[in-house]
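# Residue-level structure breakdown
Listed here are the chains, written in short residue letters.
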Amino acid sequence: MGDEWSSKRLKRWGLAGTFAGLGVVLIWSVADLLVGRTIIRFSPQIEKTLSNALGHPLEIGSYRGLRPWGVELGPTRLLQGIKDSSSVNISTLTIKFAPFASLFNWQPVAIFNPKGTEIILSKNDTGSFWVVPQNDNSKKINLQLKFNLKEPTKIVFNPGDTTVLAKGNLSLNFGKKKIYGAINLDSKTKGNLYLAGKGYWDGIEFQTKVKINKLSLGIFDGILGNDSNIITRGNINGSLNLGVKKGLIRCKGDVLFNNITLSGGPLTDTLSTSNSKIKCDNNKFKLIESNWNYGYWDITNSSEISFHKKDKTYINSVNTIKIKDFDHKPLSLKLKLPISVVDRQFIPGELSANFNLESFPLGALNPILNASLSGKLNTKGDFQGPLSSLNSTINLSLKNPQVNGIRLREKWRGSFTRIPSKKKWGSLRMESEGASIPANLQINFNEYGDFNDLTLNRLGGKISLNPKSNNFEWDANKFRLDRVEVAFPPEKSFKRIFGEVSGSGLFSLDPVFLNGELKLDYFRLLGFKLKNASIKGQIKKAETNLTGELIPSKNGKIKFDINHGSEFSLSAQVKDVSSSWITATALELPKLGLKYSEAMGNSEDLGKFIIGYPNSSIDNQLEALTKSQDSYIEEIKKINNQSIINPYDLNGNVNADIKLSGPSLSNLNLEAKAFGTVWTNKLKIINAKNIKPFNATFSGNLASGNGNFSLLDFNFSLLSLVAPIPSAIDGYFGLNGKYSLDNGTPKVTADLIIKDTIIYNKNIILDKGNISFKDNYLEFDIALRDKSSLNPVELSGTYPLISSYPIDLKVESHGDGLAFLTGLSKGSVSWTSGTADLSLLIRGTPAKPVANGFLVLKNNKLLLQDKEINNLNSTIVFDFNRLEVLELNAKNWTKRSH
């Protein structure tokens, strides 16, 4: 009975199980069919929505059926986008809905399990790997997505072909804007990085753990590709736990940086450190052993953040900054900044900082700024208050400041102050020290930190500068240039300038624009002097239009007009300008760039070298060295200035028309015509009314340095400026020739021309007159004779224009060639007949000439004052510094009757 009942019960259960199984299969099949149709139906809409959100076309894989863990799809891909070429390939994607998690979080939770995933990230032209479209829809999305990367996901960075394997899990809660999970990134050969934690992506509240194992920064070269100019080197090791919760900061661990170098990108130079360490415990975050190099700078940093209490957290930092390989006191910078996190936002407190820099040589900045600076800077200051409106007080002093080619031999002291709470947006005030009338400078800034105005008062004059629209308005009123120095090439030796500046106008730097009117009174630079000068016009980008007038002295003026656009032209008119002023100015121009040679050799050649006194301080030794250099340069200057021409021995005025024109400043043609009267009273008193006007022309190309010139009708008295000329000589001379300035060395070849030339009562004829100039030497090949003589006097050799240079001249004559020289006696001696042979070598210097040679007289008949000498025979020897008469005889030494 019992067995029968049991058998019936088993049959019923078996039958029920069969029907239940068939039901489950039927339901599964129906559900699979419905889900498949639903996915097929809604796939285009889902693809479109997600494609727009991700910025890449999405192709959802074919439906492969229901699985106990969700829905399985075939190969799914994110294709290349419009703005980047990155893509994602997933061979199999399973999507699972988590009902219990959805119920507990009261939001849908979807779990994605990708397999065979490859992410290819390719940079676009802007350097981005993936461009996500901007979504202005601020509607809250109540959704949570979870990604389980149980199998390694392959991430390939193109074009560097660097591969990283990612494994772990990641969750995104769009409703609460939270992210949490753990990811391990492994490069196989260049270290790995492990990140785990949770936090909000819209605020500062998180808990994270970072483990870095032998991560080589060289991996970023492969990630960024060969087309990137960013170079990274070095290794990072360490682990760090860091978290912020309800405003409380906690951390533990350390990270070590070894041999780090970064260059390229936003860095204009290389940033590097051999060792630097971050260390953290529960109460304090420290940056220790931190020594960094950036270009020319050595930077030492020591910083710490204490986490004692929520409202008492501070960043304390001490920094020193030096210029590499330069001995100077470093810049010291200390700061203290309270920080706090409120409502997941970082809130900085009021900064307290100060810095100090002593006796800093500005010349140390020259290689950094690619400029020419000099002088000494002392400065210190402090900053107080919130970062958005810092109060600043900076004290500074400058001694003999120099910027490029301008130097000021003065010491200035001043301060910069900024107090935003009182609407004082920044003001720099400085005053000079030691001047009889102290100068002062004031520069003001506006609320946005832009320049507002500048006022400089100095020696009773004033310069002001004010912004106006896109330009700056400048005004100068009797501003004195005294103690201002200007440098000129090639050695950029500084020369003082003097004078008063007045004027007004506008200028801008970008684009370059300058216009206005400038006046100079009593300007002086070396021997270049002007009574007055005025210039007006404008410079706009590549175009220049200027007109002006120079008044050298009481009389005379120079007008000029400069135009530079597609071509350059300069025209100048000189009217009644003093010849002595023109000559003095011409002689001063070569002095603007004083040339001297640098010392050559090795340091070992000096042996035991002492500057100044033994055991003296470095400052005293440097001062002695400076005096020695100045003395050497001054001595060279004296040698170079030993010109035997004194321009103030000249009289007369000059008129001229000058024109420079050409396609560019490097290719200009010169055309000049000049006339006037020029003479010197060095020999005798000359009446200006009796002087012929001279004529001069120049033409040539400045690029090639070659040209022609003509100088006619100059009075012989002018030769007394360069050589001793007897006063019995009168008449006019000129030159007609060519010049060359190749390699900066002037060369001149010319023919000498003489007119109306007499020596007392002797008319002089020029048979040959070749003259050349090179390397401060005049070279002569000249033959002169009396109009009635058959034989000339020949002069050949070189004569220097520098009084310390040697003379090498030869004078030779035969027969009656010397007859006209008796005119030098102004009638005291008259040569009637006979012959004279002269051979004379002149050596020495213009200051101390010496002669060597002989003079042989044969059968000469002379009239010496009122006495007649017949049959004069003599041999005279010139032996450098003495004269020896070897023979002297004559007959009929009788007094001539009148």
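Residues numbered from 1 in each chain as written. Predicted model: local features only at pLDDT ≥ 70, side-chain atom pairs only at ≥ 80, totals over all residues. Heavy atoms only, no water.

## A word on the overall build of the chain
What counts, and what does not: We count a stretch as a helix when DSSP gives it H or I for four or more residues in a row; a strand needs E for two or more, and each element gets its number in order from the N terminus. Between buried and exposed lies partly exposed: a residue is buried under 20% and exposed over 50% of the maximum accessible area for its type, with that area taken using a 1.4 Å probe on protein chains only. It only takes one pair of heavy atoms within 4.5 Å for two residues to be counted as in contact. All accessible areas in this document rest on Shrake-Rupley with a 1.4 Å probe, and a residue is counted as covered only by the protein chains that are shown.
Along the backbone of the chain there are six helices and 50 strands. A total of 898 residues make up the chain; the buried ones form 35% of that total. Put simply, 43% of the contacts in the chain that link residues at least 6 apart link residues at least 24 apart. Per element, the accessible surface of the chain, about 53300 Å² overall, is 56% carbon and sulfur.

## Regarding a nonpolar patch on the surface
Counted only if it meets this: For patches, a residue must show more than 30% relative accessible area and have no salt bridge; joins then use 9 Å for like charges and 5 Å for nonpolar side chains, namely Val, Leu, Ile, Met, Phe, Trp and Tyr. What makes a salt bridge here is a side-chain nitrogen of Lys or Arg within 4 Å of a carboxyl oxygen of Asp or Glu, nothing more.
Taken together, the side chains of Leu 883, Val 885 and Leu 888 define a hydrophobic patch exposed on the protein surface, amounting to about 300 Å² of accessible area. On the secondary structure map, Val 885 appears in strand β50 (residues 882–895).

## Observations regarding the pattern of salt bridges
Taken as a whole, this structure holds 20 salt bridges when the rule is applied. One salt bridge connects Asp 756 with Lys 692, and the closest N-O pair in it is separated by 2.8 Å. Of the two residues, Asp 756 is situated in strand β42 (residues 747–759) and Lys 692 in the loop between β38 (667–680) and β39 (694–701); the sequence distance between them amounts to 64 residues. When its relative accessible area of 53% is taken as the criterion, Asp 756 is described as exposed. The class of Lys 692 is partly exposed, set by a relative accessible area of 33%. A salt bridge links Glu 812 to Lys 810; the shortest N-O distance between them is 3.3 Å. A network of salt bridges, in which partner residues are shared, links Arg 407, Arg 409, Glu 485 and Arg 496.

## A word on the packing of aromatic side chains
Which entries qualify depends on this criterion: In this scheme Phe, Tyr and Trp rings, the latter by its six-membered ring, pair at centre separations within 6.5 Å, and the angle between planes marks the pair as stacked below 30 degrees, edge-to-face above 60, and tilted otherwise. Ring-over charges, as used throughout, are those where CZ of Arg or NZ of Lys falls within 6 Å of the ring centre and within 35 degrees of the ring normal.
Throughout the structure, instances matching the rule amount to ten aromatic pairs. Seen in terms of ring centroids, Phe 698 and Phe 709 are 6.3 Å apart; in terms of plane orientation they differ by 25 degrees. Their pairing is stacked. Of this pair, Phe 698 sits in strand β39 while Phe 709 sits in strand β40 (residues 706–715); the two residues are eleven residues apart in sequence, bridging distant segments of the chain. The ring of Tyr 200 is capped by Arg 344, whose NZ or CZ atom sits 3.9 Å from the centre of that ring.

## Details of the side chain of Ser 789
What counts is decided by this rule: Here a polar contact means two N or O atoms within 3.5 Å. Within protein one must be a hydrogen donor candidate and the other an acceptor candidate, and residues neighboring in sequence count only if both atoms are side-chain atoms.
Residue placement: Ser 789 occurs in the loop between β44 (777–786) and β45 (793–800). Within polar-contact distance, the side chain of Ser 789 engages the backbone oxygen of Asp 816 at 3.3 Å. Filtering out sequence-adjacent residues up to four positions away, Ser 789 remains in contact with Asp 816 and Ala 819.

## Quick word on helix α5 (residues 579–588)
An α-helical turn contains 3.6 residues, so a residue and the one three or four places further along point in the same direction. Most of α5 sits out of view: seven of its ten residues are buried. Ser 579, Ser 580, Trp 581, Thr 583, Ala 584, Thr 585 and Glu 588 are the residues of α5 that are buried.

## Thoughts on the state of the cysteines
Formally: Only a pair of cysteine sulfur atoms within 2.5 Å counts as a disulfide in this structure description.
Here the structure, examined in full by the defined rule, presents one disulfide. Disulfide partner of Cys 251: Cys 280, at an S-S distance of 1.2 Å. Pair noted here: Cys 251 is in strand β13 (residues 248–264) and Cys 280 is in strand β14 (residues 267–280), with a separation of 29 residues, a long-range link. Just as Cys 251 is buried, Cys 280 falls in that class too.

## Describing the pairing of strand β31 (residues 493–509)
Regular strands place side chains that alternate from one sheet face to the opposite one. Test applied: Should DSSP find at least two bridges between two strands, the strands are regarded as paired.
Examined bridge by bridge, strand β29 (residues 471–480) and β31 share seven bridges and lie antiparallel to one another. When the sheet's bridge partners are listed, Ala 476 is paired in β31 with Gly 503.

## Examining the pairing of strand β32 (residues 512–525)
The pairing of β31 with β32 spans twelve bridges and is classified as antiparallel. From the neighbouring strand, Ile 497 faces β32, where its bridge partner is Leu 525. Hairpin geometry of β31 and β32 is characterised by an intervening segment of two residues between the two adjacent antiparallel strands.

## A word on the environment of Asp 786
Turning to its location among the elements, Asp 786 is positioned in strand β44. When its relative accessible area of 5% is taken as the criterion, Asp 786 is described as buried. Distance from Asp 786 to Asn 763, taken between C-alpha atoms, is 5.8 Å for residues 23 residues apart in sequence. Apart from the residues within four sequence positions on either side, Asp 786 is in contact with Lys 762, Asn 763 and Phe 820.

## Examining the environment of Glu 289
Mapping Glu 289 onto the fold places it in strand β15 (residues 284–294). Sequence-distant contacts of Glu 289, defined by excluding residues within four places in its chain, comprise Asn 275, Ser 276 and Lys 277.

## So, the confidence of the model for the chain
To keep things clear, this is the line we draw: The predictor's confidence in any single residue is recorded as pLDDT, a number from 0 to 100.
The share of residues in the chain with pLDDT of 70 or more is 82%, and the mean pLDDT across the chain is 80. Contacts for the low-pLDDT stretch residues 593–607, under 50 throughout, to residues beyond four places or in other chains number 20 contacts.

## Some thoughts on the side chain of Thr 117
Take Thr 117: it is sitting in strand β6 (residues 109–122). The contact partners of Thr 117, leaving out residues within four places of it in the chain, are Val 88, Asn 89, Ile 90, Thr 153 and Lys 154.

## Considerations on the environment of Asp 657
Tracing the backbone shows Asp 657 in strand β37 (residues 650–664). Note on Asp 657: relative accessible area 47%, which makes it partly exposed. Along the sequence, Asp 657 and Ile 558 sit 99 residues apart, while their C-alpha atoms lie 9.8 Å from each other.

## Focus: unusual backbone geometry
Even without being a glycine, Lys 188 presents a positive backbone phi close to 70 degrees. Even without being glycine, Ser 469 reaches a positive phi, approximately 55 degrees. Assignment of secondary structure puts Ser 469 in the loop between β28 (461–468) and β29.

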